[in-house]
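Close look at the chain arrangement
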Amino acid sequence: MPGGWTWLALAALLSLAPGGVGRAAAQQPALTAIRAGRLVDVDRGEVRRDQIVLVRGERIAAVQPASAGIPAGARVIDLRRYTVLPGLIDCHTHLIGEALAADVLQPLERTETQEAMSGVRNARATLLAGFTTVRDVGTYRAFVDAGLRDAIDDGTVIGPRMRVAGAYVTVSTGGGELVGAAPDVSLPLAYRFGVANSADQVRERVRVLLNGGADFIKVIATGAVLTRGTKPGVSEYTEEEIRAAVEQAAEYGTFVAAHAHGAEGIKRAVRAGVRSIEHGSLIDDEGIALMKQHGTWLVADIWNGDYIDSVGRAQHWPADVLRKNTETTEAQRAGFRKAVAAGVRIAYGTDSGVYPHGLNASQLPYMVKYGLTPMQAIQSATISAAQLMQWEDRVGSLAPGKFADIVAVEGDALADLRRFMKMEFVMKGGTVYREP
Ligand SMILES: [Zn+2]
């Protein structure tokens, strides 16, 4: 078998050939050609038939019509019966810990290792569901998210690319506090890492979080649905305090995402300069106009209210959590519809962790039900999400030079977004994690 020609080729591959000729060829990563029956160009908002995506190493090398042919030697992945898209992005996940259940004391009953190991499982489920990037917006146990991000980046763990918040910046007893302990029982710092009760304290916590490994800051601007006792409509920070976070984050070249349900809290956060409003449940017309004016992104988890209502009732979740969910779910959907009509920038975020990880695509049909076109819904979970995360230079569309984060669903995906619940192909950074 090893004839003369084969030996020369082998020598070149192993960089044994004299001079630099063989070395250059040997260091060129392998080429993969993905044949796409349909390809979604989210930059231009159009679907193209019969395309080829060329992947070299971890990056996209080219996107071209099938008529251009497949380069010799390329590995071919045949997705002619599929719609091929950029890897999906969820801008509101909580990968650390167990998904929410009746036992809301859970984080206090689990070691840090258990929380991290749940994160390993959740990260894998998220990736295999076609979500190759997430913006993870908070963990009760500080910096476990940063550890997971790093383990994914160095290949120890399989999961999506992550940008992480490190912990919640929240007032004492506010929407970002862990409930379950009696008022006279103090929790250790690891559970209350982002607690800050003045503008100065906010600046100090933002510095400690960003120096400690957070990528951006999550501020809890109002009460929360799922934090017992707190009121979603109640503002918990002043505009000045939120601005302190925005200014301090800007010093580090990063941004603030604001959890905000109440109309007043939303407006304070927008005026203070946050990059995104999370939830936005009780937004009013003035708040919508302000978001439009400031270019603030809306990340509204408009699906999980249905999940909480059905599963929460079946599992006997706390009555006040179920009541607050009912009070915010339809209001949030109405506000979302108005915000879409007003032209507010929309990015996809589902609040995974409230529901079991891996069901992230469940919200896509809801985006259409409440005002987006199917293409806009897909854009919200790809290029728009990448823009919100300030990662549009590396993910979010199938463009040469970006990471080869590529997914596919069978048939014509835009005809029925429920098809995204059955993800058939997942590639991240040129590595295939799921194949038909
Ligand atoms: Zn959340």
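Above this text is the structure in question.
This section reports on the structure supplied with the text. (Residues numbered from 1 in each chain as written. Predicted model: local features only at pLDDT ≥ 70, side-chain atom pairs only at ≥ 80, totals over all residues. Heavy atoms only, no water.)

Taken as a whole and judged by the stated rule, the model has 2 cavities of 30 Å³ or more. In this structure, the largest cavity is lined by 46 residues; those nearest its centre are Leu-100, Tyr-140, Tyr-168, Leu-226 and Val-354. Of all elements in the fold, only strand 9 (217–220), helix 9 (304–314) and helix 10 (319–342) reach the threshold of two or more residues within the lining of the largest cavity. Here the residues of the lining of the largest cavity are counted per class, giving 16 nonpolar, 21 polar and 9 charged. Considering the residues around the second largest cavity, the lining is formed by Thr-139, Tyr-140, Ala-167, Tyr-168, Thr-170, Gly-176, Glu-177, Tyr-191, Arg-192, Phe-193, Gly-194 and Val-195. Its residues assigned to classes, the lining of the second largest cavity comprises 6 nonpolar, 4 polar and 2 charged. (1 Å grid on protein atoms, 1.4 Å probe; cavity = no way out; pocket = protein on both sides within 12 Å on 5 of 7 lines; lining within 4 Å. Points joined across faces, edges and corners; volume = space filled by probe spheres on them. Helix = DSSP H or I, 4+ residues; strand = E, 2+ residues; numbered from the N terminus. Nonpolar A, V, L, I, M, F, W, Y, C, P; charged D, E, K, R; others polar.)

Another aspect to go through is the layout of surface pockets. What the largest pocket holds in volume is close to 330 Å³. Grouping the amino acids of the lining of the largest pocket by side-chain chemistry returns 7 nonpolar, 7 polar and 3 charged. Approximately 200 Å³ is the volume found for the second largest pocket. If you go around the second largest pocket, you meet 13 residues; those closest to its centre are Ile-152, Asp-153, Arg-161, Lys-428 and Tyr-433. Within the residue set of the lining of the second largest pocket, elements represented by two or more residues are helix 4 (144–153) and strand 16 (431–434). Taken together, the residues of the lining of the second largest pocket break down into 5 nonpolar, 4 polar and 4 charged.

So, on to the packing of helix 6 (residues 239–251) against helix 7 (residues 263–272). Axis angle and axis distance: for two packed helices, these are the angle between their axes and the distance between the axes, and together they describe the pair. Closest axis-to-axis distance for the helix 6/helix 7 pair is 8 Å, and the angle between their directions is 40°. With respect to helix 7, the axis of helix 6 lies oblique. Classified by chirality, the crossing of helix 7 by helix 6 is right-handed. Residues Glu-239, Ile-242, Arg-243 and Val-246 of helix 6 lie in contact with helix 7, whose contacting residues are Arg-268, Ala-269, Arg-271 and Ala-272. Across the contact of helix 6 with helix 7, the residue classes tally to 4 nonpolar, no polar and 4 charged. (Axes fitted to C-alpha atoms, helices over the stretch in contact; angles between N-to-C directions. Parallel < 35°, antiparallel > 145°, perpendicular 65-115°, else oblique. Left-handed = near helix turned anticlockwise from the far one by under 90°. Contact = heavy atoms within 4.5 Å.)

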